[in-house]
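The residues making up each chain are set out below.
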Amino acid sequence: MDNTLQTPTILRSDYRPLAWRVESVELDFRLDAEQTLVTSRLACVRVPGASGPLPLDGEDLELVSLRIDGAEAGECMRRTERGLEVTPGSDTATIEIVTRVNPAANTTLSGLYASKGGLFTQCEAEGFRRITYFPDRPDVMARYTVRLEAEQASFPVLLSNGNLVDSGELPGDRHYAVWEDPFPKPSYLFALVAADLEAMERSVETLSGREVLLQVWVEPGNLDRAGHAMDSLVNALRWDEETFGLELDLDRFMIVVVADFNMGAMENKGLNIFNARFVLARPDTATDADFEGIESVVAHEYFHNWTGNRVTCRDWFQLTLKEGLTVFRDQQFSADMLARAAGAEREASARAVKRIDDFRGLRAAQFTEDSGPMAHPIRPDSYQEINNFYTATVYEKGAAVIRMQHTLLGAEGFRKGMNLYFERHDGQAVTCDDFVAAMADANDRDMTQFMRWYSQAGTPVVRASGQWDADARRYTLTLAQHTPPTPGQPEKLPLVIPVAVGLIGPDGNDLPLRLEGDSAAGATTRVLELVEAEQHFVFEDVDAEPVPSLLRGFSAPVLLEIDESDARLAFRMAHDADPCNRWDAAQRYAERVILALAAKADADVPEAFLDAWGALLADESLDPAFVALAATLPGEGWLLERMRPADPAPLRAALMRVMRAIGERFADQWLGLYQRLEVRGPYRYHPADAGCRALRNLALRYLAAAGNEDGLNRAETQFEYAENMTEQFGGLAALVHSASPVAEDALDNFHTRFSSDALVLDKWFALQAGAWRWDEAAPPVLERVKALMDDPAFKLTNPNKVYSLLGAFFRGNPAEFHAADGSGHAFWAEQIIALDAMNPQVASRMARSLENWRRYTPALQTSIRTQLERVRDADGLSPDVAEVVGKALV
Ligand code: ARG
Ligand code: ZN
């Protein structure tokens, strides 16, 4: 059966306010792993003037009873496709609903579920309806009181949102706790935890002098891994006070760790629940990247307390209202933290490194999404399954759209807009229009055209060309924009695109810029506003032909097209004052060279390219963290996006050749860097140290790729003797990404050492699933992946395991995944179908790894289509996967 025909589409234009308000919710849980009884008491009031019943969503629930004002509902209740509908006899009613659920059987990890003996919830987006019948939509905001009761021995800790108002023991070794959340909230922010946990605690004073208790709850024995998350939380709290005047509004703020979690983390009011991987860190188990990820996710969830919780979304189409804004906030926070740690002299470079990292992520994930069958505006117009729209577009492009507002209005103007937004909308469920209106009104600026960023999908292309007029000493920059068609949007209108521009003179220095009409030259970087399909910008007093440096700091989420010779790319690699564009120049050059090699198997790696690369390595004025980014070749996924038709095998061969060439040619430099940048002393998570470690690990990778014996020895030594995970894993990764005979032993060794550490094993799985075959005689990686699924540590029910083994293979190892015999595609279909029966959200994320199949070679397309159809027609497919494969096959 073709499942895609069965799944209804929900439209943004269909939004209607509810005829009822829910003033308060009293929840009473008799918690038990297999039979949890939930009693919910809703105080409902009809909206004046509105008519109609109160629809209650419900999914996978056993209804025990439903009473209206104390009486059996009888005729006043009927079952519907989505749950129930009740029709109270008067305009105010108390509805009491009793349901029974089975957390242990809930493998979807949405609603109430069991993990390692504890009970946890995940309600965003529509998980609350899996706990009790409720109008489960974000514009229904109510005050919650929650009573939890459970057996004391199995569930010693009982947590919910807000403040603890009562607790005590009960006969039969049971106990209870009552929690009250003073702030009205939508149901998706509800949470409870009942588990055996320990807390790290810290008490801090807020801006206005209130004492608040911060807690990080972890499994017993893990307290020594909670410190970094706690520090990050305190830093986030301070930052939001300083930057936006936003204070913590509760007496207590909790973070709870769970091992089984679909996403990164969840901002439930006062009770954030986190995937363990974004909390637990100790130098010997977590890498620098892990430490950085924890800092940003802890901050992200904390920042949601204002952008998401105090002001929430009217409907799920507005998701970017909270996610785009909160990602922007966490990016700014991380940049500030990095800059502060780096110190005044290195500050700019530290910020640039963060920008490059963020932009690289946007390009790899979002630009590819935006050119495929799932392309959607940051505020979509329709969806079949909302869980499929927690996307790079909503999050990352959404953040870029907020960043452009910050750029156009300036930091101060943006702050004024934020103030007005909270002044107007605190306690409300609102839309993206409300946010932009606050920005516009606070700054007296018309943002009508800007709003197109919210409604148009696709990555805009900005085409640039320049003309220097020697006699007039003028330089005219022509910028043209167009956005390619996307599904359902054949035609696009011009956007407001802030283009930060610099002009580099022949000596490599930036020119002071004087735009036509300016009285005098000013700064060396200017933000131009491109609002028409094509515009000319004229710069005066330009004495020699300049090299333009465009979109500095990645000032807009667009693709820049510009004709640049190899020589000019090398020039910008060496001289562009904007580190983002230096990185970009290196990437463009590398992309050009790699794609040419992929098309012509016997060509050599051009000498000029190697020279440019060598200059980068030799420049000791550069921060190691920057060099590590600039000297990393463009990602394979991105290169496939740029290659038509996409052909993973020759691309992989080309990448290997370039890596070997860079490893061989600069072996001495790499070894020199490796020596010079050694970090001594005990591990600390610090950008300067992390930069050195990153560049040294990269050196090992290039040396290992080239089969350099010194390099391989150093990798082995580093793997064996390192005292921190960054270096240990860096050594291991270099060995695995080489033809080294010791790689297998090293992998075994690592497995033995960390056999009981789930998060470290995730890295071990991912490394092997993503491995390249440097040794041509090695068996296909698919065989390894299949064997690893039998490892006792691997569980298809644990999302982290799925992401690290299957995700790393499907998304991170194209040449192996797309093996010509189609074995990878068949394996993909089997796994998607198996996963979907347990956890549709995880299955759907994995399913998306084939959505861009139409850009591959005809032979690969044929093989992929067969498997997409196989999944589409599978029995009992979820709407989640049905939407993804359905759209892919359109
Ligand atoms: N709001 C969470 C965050 O961004 C993510 C929740 C994702 N939930 C989902 N069902 N996809 O921090
Ligand atoms: Zn978020």
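Treat the numbers as computed from the prediction; the structure is a model and nothing was measured.

Student: Looking at this model, I keep getting lost on the overall build of the chain. Mind explaining?
Tutor: Scanning the chain from terminus to terminus reveals 26 helices and 31 strands. In summary, the chain has a C-alpha radius of gyration of 28 Å against a globular reference of 29 Å for 890 residues, a match within 12%. When the backbone C-alpha atoms are referred to their principal axes, the chain occupies close to 85 × 70 × 60 Å. Classification of the 890 residues of the chain by burial places 51% in the buried group. For the chain, contacts bridging at least 24 residues in sequence account for 70% of all contacts bridging at least 6.

Student: Whenever I open this one, the site of ligand 1 confuses me. Can you help?
Tutor: In the vicinity of ligand 1, the residues found are Glu124, Ala125, Met263, Ala265, Met266, Glu267, His300, Glu301, Glu323, Asn387 and Tyr390. Listed by contribution, the elements that provide at least two residues to the shell around ligand 1 are strand S20 (265-266) and helix H2 (288-303). In terms of residue class, the shell around ligand 1 is built from five nonpolar, two polar and four charged.

Student: Could you clarify how one ought to interpret the environment of serine 382 in this entry?
Tutor: Inspection of the secondary structure assignment puts serine 382 in strand S23 (residues 382-383). Exposure remark for serine 382: the 14 C-beta atoms within 10 Å place this residue in the partly exposed category. Residues serine 382 and alanine 705, 323 residues apart in the sequence, show an inter-C-alpha distance of 46 Å. In contact with serine 382, not counting residues within four places along its chain, are Thr9, Ile10, Leu11 and Arg12.

Student: Teacher, can you tell me more about the nonpolar core here?
Tutor: Generally speaking, soluble globular proteins have nonpolar side chains that are buried together. Residues Val256, Val279 and Val658 are the most contacted members of the largest nonpolar core, which totals 263 residues. When neighbours within four sequence positions are excluded, valine 658 is seen to be in contact with Val593, Ile594, Leu597, Val605 and Leu633.

Student: Would you explain the packing of helix H19 (residues 758-769) against helix H20 (residues 781-788) in this entry?
Tutor: When two helices pack together, their arrangement is given by the angle between the helix axes and the distance between those axes. Closest axis-to-axis distance for the H19/H20 pair is 9 Å, and the angle between their directions is 155 degrees. As the angle between them shows, H19 and H20 are arranged roughly antiparallel. Every residue of H20 that contacts H19 at Phe765, Gln768 and Ala769 is listed here: Val781, Arg784, Val785 and Leu788. Class assignment for the residues of the contact of H19 with H20 results in five nonpolar, one polar and one charged.

Student: Explain the packing of helix H24 (residues 840-847) against helix H26 (residues 879-889) to me, please; I cannot follow it from the model alone.
Tutor: Across the interface, H24 lies against H26 with an axial gap of 8 Å and an inter-helix angle of 15 degrees. By the angle class used here, H24 and H26 are roughly parallel. Crossing of H24 against H26: the hand is right-handed. Residues Pro840, Gln841, Ala843, Ser844 and Ala847 of H24 touch H26, and the partners they reach there are Asp880, Val881, Val884 and Val885. Here the residues of the contact of H24 with H26 are counted per class, giving six nonpolar, two polar and one charged.

How each quantity is defined
Within every chain, residues take consecutive numbers counted from 1 along the sequence as written. Chains and ligands are labelled sequentially in the order written, the chains with letters from A and the ligands with numbers from 1. Totals for whole chains, interfaces and linings use every residue, but because this is a predicted model, local features are given only for residues with pLDDT of at least 70 and side-chain atom pairs only at 80 or more, for both listing and counting. Runs of E in the DSSP output that reach at least two residues are strands. Runs of H or I that reach at least four are helices, and both are numbered from the N terminus. Values of the radius of gyration come from C-alpha atoms, whereas the globule rule sets the reference at 2.2 Å times the count of residues to the power 0.38. Labels follow a simple rule on C-beta atoms placed from the backbone: if 20 or more others lie within 10 Å of a residue's own, it is buried; if 12 or fewer, it is exposed; otherwise it is partly exposed. Contact between residues is assigned whenever the C-beta positions, reconstructed from backbone atoms, fall within 7 Å. Any residue qualifies as near a molecule or strand once its backbone-derived C-beta atom lies within 6 Å of it. In this classification, the charged set is Asp, Glu, Lys and Arg, the nonpolar set is Ala, Val, Leu, Ile, Met, Phe, Trp, Tyr, Cys and Pro, and all remaining amino acids, among them Gly, are polar. By convention in this section, buried Ala, Val, Leu, Ile, Met, Phe, Trp, Tyr and Cys residues joined through C-beta atoms within 7 Å make up a nonpolar core. Between N-to-C directions, angles span 0 to 180 degrees; the directions come from axes that are lines fitted to C-alpha atoms, helices contributing only their stretch in contact. We call two directions roughly parallel when the angle between them is under 35 degrees, roughly antiparallel when it is over 145, roughly perpendicular when it lies between 65 and 115, and oblique otherwise. Left-handed describes a crossing whose near helix is turned anticlockwise from the far helix through less than a right angle; right-handed describes the clockwise counterpart.

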